[in-house]
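# Reading the structure
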Amino acid sequence: MVAQELWRVAALHGEEFPERMAYWQCKDHEIDFVRNRDEYIEVKHGRCSPLEFAWFPKILPGARLTIINTSRFETSFCRGITLEDFLLGR
C-alpha cells in the first residue's frame, strides 16, 4: 500500500518514478523505501519507538526518516506516523 501511494503521489506531481522502488541496506540495518538521498521511509507492523532507529543519524547524517507504524512521534531525525496519516498526506 505504501509503494502504491508513493507512485500515485509522484504521478500527481509529474515526477518520474522508477519501475523498481529503491531501498537502503547496510550490514546491520535496512530501510524499506528511499524517496531521495535525504528522505527514507520505514514501515513497521504495530507500535515502534524512535530508539529503535538511534543508529540512523549516525549512518545517514542529515537524512530524515519517516516510520509508518501505529504511534505518532517526532524527533530531530525521524517522525512516526500512522498509515492513515501517510495516506492522507499528513
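Residues numbered from 1 in each chain as written. Predicted model: local features only at pLDDT ≥ 70, side-chain atom pairs only at ≥ 80, totals over all residues. Heavy atoms only, no water.

Summarising the sheet, strand β5 (residues 64-68) and strand β7 (residues 78-81) pair through four bridges and their orientation is parallel. The residue bridging I67 from the neighbouring strand is G80, located in β7. Here two bridges tie strand β6 (residues 73-74) to β7, and the two strands are oriented antiparallel to one another. Note that in β7 the partner of F73 across the bridge is G80. Between the end of β6 and the start of β7, which pair antiparallel, lie three residues. (Pairing = 2+ DSSP bridges. Helix = DSSP H or I, 4+ residues; strand = E, 2+ residues; numbered from the N terminus.)

What follows deals with the layout of surface pockets. In this structure, the largest pocket encloses a volume near 160 Å³. Lining of the largest pocket is provided by E5, L6, V9, R35, E39, I41, T66, R79, I81, F86, G89 and R90. For the lining of the largest pocket, the secondary structure elements donating two or more residues are α1 (2-12), β4 (39-43) and β7. Element by element, the count of residues in the lining of the largest pocket is highest for α1, at three residues. (1 Å grid on protein atoms, 1.4 Å probe; cavity = no way out; pocket = protein on both sides within 12 Å on 5 of 7 lines; lining within 4 Å. Points joined across faces, edges and corners; volume = space filled by probe spheres on them.)

Moving on, we get to the pattern of salt bridges. Within this structure, the stated rule accounts for five salt bridges. One salt bridge in this structure joins E39 and R35, with 3.5 Å as the shortest N-O distance. Taking relative accessible area as the criterion, E39 reaches 27% and is therefore assigned partly exposed. The exposure class assigned to R35 is partly exposed, which follows from its relative accessible area of 30%. E42 serves as the salt-bridge partner of K44, at 3.7 Å between the closest nitrogen and oxygen. (Salt bridge = Lys/Arg side-chain N within 4 Å of Asp/Glu carboxyl O. Buried < 20%, exposed > 50% of the residue type's maximum accessible area, 1.4 Å probe, protein only.)

Looking now at the nonpolar core. By size, the foremost hydrophobic cluster in this structure holds 14 residues, and its most contacted members are I31, Y40, F53, F56, L65 and I67. Once residues within four sequence positions are removed from consideration, F56 is found in contact with I31, Y40, A63, R64, L65 and F77. Membership of the second largest hydrophobic core comes to eight residues, among which are L6, F33, I81 and F86. (Core = buried A, V, L, I, M, F, W, Y, C linked by side-chain atoms within 4.5 Å. Contact = heavy atoms within 4.5 Å.)

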